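Residue strings, one per chain:
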Amino acid sequence: MGTRISDRIAAIAESATLAVDAKAKALKAAGRPVIGFGAGEPDFATPDYIVEAAAEAARQPRYHRYTPVAGLPELREAVAAKTLRDSGYAVEPSQVLITNGGKQAVYNAFATLLDPGDEVLLIAPYWTTYPEAIKLAGGTPVEVQTDETTGYLADVEQLEAARTERTKVLLFVSPSNPSGAVYPVEQVEAIGAWAAEHGLWVVTDEIYEHLVYDGHRAVSIATVTASLADRMVVLNGVAKTYAMTGWRVGWLIGPADVVKAASNLQSHATSNVSNVAQVAALAAVSGDLSAVAEMRTAFDRRRRIIVEMLSAIEGVRCPTPGGAFYAYPQVKGLLGRPLRGRTAATSAELANLILDEVEVAVVPGEAFGTPGYLRLSYALSDTDLVEGIGRIQKLVADS
Ligand code: PMP
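Residues numbered from 1 in each chain as written. Predicted model: local features only at pLDDT ≥ 70, side-chain atom pairs only at ≥ 80, totals over all residues. Heavy atoms only, no water.

1. A short note on the layout of surface pockets
Logical step 1: Counted as a void, the second largest pocket has a volume near 180 Å³.
Logical step 2: In terms of lining, the second largest pocket is formed by Phe44, Ala45, Pro47, Tyr49, Tyr242, Ala243, Ser290, Ala291, Glu294 and Met295.
Logical step 3: Tallied by class, the residues present in the lining of the second largest pocket amount to eight nonpolar, one polar and one charged. (1 Å grid on protein atoms, 1.4 Å probe; cavity = no way out; pocket = protein on both sides within 12 Å on 5 of 7 lines; lining within 4 Å. Points joined across faces, edges and corners; volume = space filled by probe spheres on them. Nonpolar A, V, L, I, M, F, W, Y, C, P; charged D, E, K, R; others polar.)

Next up, the structure:
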């Protein structure tokens, strides 16, 4: 008789993001005026024309049925067209697998590519789901550390130093969650050329492609490294661009054999994505980008406010993020010193202290492979943002 929980699943770490969120929500439910900087989702409603398309579909019995596992043919076609429009990357509809959110695309990608012992280069800070998806697939994440001094960008030298003969995949994410870092085009080209030279696969997560500021451009590594097409997997979805986190539609784009194998996996796991949600996604990707342009204006304003307010705190160093909707300050100057009579030794303890003392929820850098940092999402109202960071300012100033 073995253990009750398999070794494989028991090894999955609890999501620190969700732990903070759960604690904040419990406090809120108890009537506390908690301000949450934890959420990784836009605070906007899904645009009306998308909701209307879904409502219309929900009334038609043909959308009450299964779709093909890989998705509605018209959605796969629209995703291929959208990818050409937005990234300049030409793919066939047959290279598109529609998934339950970008998250299932991440799982499918690693489950499909990795054998036990295969290594994946993972640039830290990284989104908390990646190492778990890699390990669950039997792979080994190999971390490449970055910090605020380079704006959280890794260069070819660092990647090369981490490469071994077991390295199969480079995971490339720009704009990044949690750092908001956006790679300049020359660096994307250099990294792509290096990956091609060494026969690596590239998995690129482009879910924040339309949330870039200050003249930054999200350049697709798939487009600039055409020679990698046969070992390139692009992950994306509607969640961030169209404020559709709850609809659960994403996709994976890859070579035909990878898409076929990943579809086989998905056919036994979840089958197709909700038919009605696929129709909503079809309206989203076939439409224009005016809704995300509006959100971008609001996020940009909040980004400037949050960076300025965080930078005004003694002991906090906050680079200006070029994309996504997160600020990722280094907070080592706040560790080991009394704040309202308490002392936090780690950023995890600091996040707890901030929540207890001033009722502001932030996610500690431990969740992203870089202790000593905090992640603050600025996808919340300007008023809450100013109030929340104001409370942290006061906590530090009063101590
Ligand atoms: N990739 C990144 C980098 C993300 O931040 C997220 C959402 N937090 C996702 C993928 C997945 O988003 P979803 O599953 O909601 O489409």
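2. With respect to the side chain of Ser174
Logical step 1: Relative to the helices and strands, Ser174 is located in the loop between β5 (167-173) and α8 (185-197).
Logical step 2: A polar contact is formed between the side chain of Ser174 and the backbone nitrogen of Tyr183, at a distance of 2.9 Å.
Logical step 3: Residues contacting Ser174, with those up to four places away along its chain left out, are Ala181, Val182, Tyr183, Asp205 and Ala218. (Helix = DSSP H or I, 4+ residues; strand = E, 2+ residues; numbered from the N terminus. Polar contact = N/O pair within 3.5 Å; in protein donor to acceptor, adjacent residues only side chain to side chain. Contact = heavy atoms within 4.5 Å.)

3. What about the domain arrangement of the chain?
How big an interface is tends to be stated in terms of accessible area lost as the parts join.
Logical step 1: Domain boundaries assigned for the chain yield domain 1 (7-45 + 291-397) and domain 2 (60-286).
Logical step 2: Contacts between the two partners involve 38 residues from domain 1, matched on the other side by 33 residues from domain 2.
Logical step 3: At the boundary of domain 1 with domain 2, total buried surface from both sides reaches about 2800 Å², with 58% on carbon and sulfur atoms.
Logical step 4: Linking domain 1 to domain 2 there are three salt bridges.
Logical step 5: With a closest N to O distance of 3.2 Å, Arg304 and Asp214 form a salt bridge.
Logical step 6: At the level of secondary structure, the elements contributing two or more residues to the side of domain 1 that touches domain 2 comprise α1 (7-10) and α12 (290-311).
Logical step 7: In terms of residue count, α12 provides more of the side of domain 1 that touches domain 2 than any other element does, seven residues in total. (Domains from an automatic or database assignment. Buried area = accessible area lost by both parts, 1.4 Å probe. Salt bridge = Lys/Arg side-chain N within 4 Å of Asp/Glu carboxyl O.)

4. A look at the sheet that holds strand β13 (residues 363-364)
Logical step 1: Reading across from one edge, β9-β14-β13 is the order of the three strands in this open sheet, with antiparallel pairing throughout. Two strands lie at the open edges of the sheet, namely β9 (326-327) and β13, each paired on one side alone.
Logical step 2: Across two bridges, β13 lies against strand β14 (residues 374-377) in antiparallel orientation. Counterpart to Pro364 in the pairing with β14 is Leu374.
Logical step 3: Contacts between helix α13 (residues 347-358) and the sheet are confined to β13 and β14, with β14 contributing the most and set at about 45° to the helix. (Pairing = 2+ DSSP bridges. Axes fitted to C-alpha atoms, helices over the stretch in contact; angles between N-to-C directions.)

5. Overview of the site of the ligand
Logical step 1: Around the ligand, a shell composed of Gly101, Gly102, Lys103, Trp127, Tyr130, Asn177, Asp205, Ile207, Tyr208, Ala239, Lys240 and Arg248 is seen.
Logical step 2: Between the ligand and Asp205, the relevant distance is 2.6 Å, taken from a nitrogen atom to a side-chain nitrogen or oxygen of the residue.
Logical step 3: A distance of 2.8 Å separates an oxygen atom of the ligand from a polar atom in the side chain of Tyr208.
Logical step 4: Taken by itself the ligand offers 400 Å² of open surface, and the protein chains cover 92% of this.
Logical step 5: Here the element with the most residues in the shell around the ligand is helix α5 (residues 101-113); it accounts for three residues. (Near = heavy atom within 4 Å. Areas by Shrake-Rupley, 256 points an atom, 1.4 Å probe, with all protein chains shown as cover.)

6. Some points on the nonpolar core
Logical step 1: In terms of nonpolar packing, the biggest core is built from 59 residues, with Leu75 and Val238 touching the most fellow members.
Logical step 2: Ranked by residue count, the leading element in this core is helix α11 (residues 275-286), at eight residues.
Logical step 3: Taken domain by domain, this core gets at least three of its residues from each of domain 1 (7-45 + 291-397) and domain 2 (60-286).
Logical step 4: When near neighbours in sequence (up to four residues on either side) are disregarded, Leu75 contacts Ile98, Val249, Gln278, Ala281, Leu282 and Val285.
Logical step 5: Core analysis: the next-biggest nonpolar cluster, separate from the first, contains 42 residues, Ile35, Leu211, Met295 and Val362 among them. (Core = buried A, V, L, I, M, F, W, Y, C linked by side-chain atoms within 4.5 Å. Buried < 20%, exposed > 50% of the residue type's maximum accessible area, 1.4 Å probe, protein only.)

7. Remarks on the packing of aromatic side chains
Logical step 1: This model, assessed by the stated rule, comprises 11 aromatic pairs.
Logical step 2: Both rings, one in Phe44 and one in Phe299, keep their centres 5.7 Å apart while their planes meet at 80°; by these two values the pair is edge-to-face. Residue Phe44 is found in the loop between β1 (35-36) and α3 (48-58), and its partner Phe299 is found in helix α12; the two are separated by 255 residues along the sequence.
Logical step 3: Owing to a relative accessible area of 0%, Phe299 belongs among the buried residues under this scheme. (Phe/Tyr/Trp six-rings, centres within 6.5 Å; stacked < 30°, edge-to-face > 60°.)

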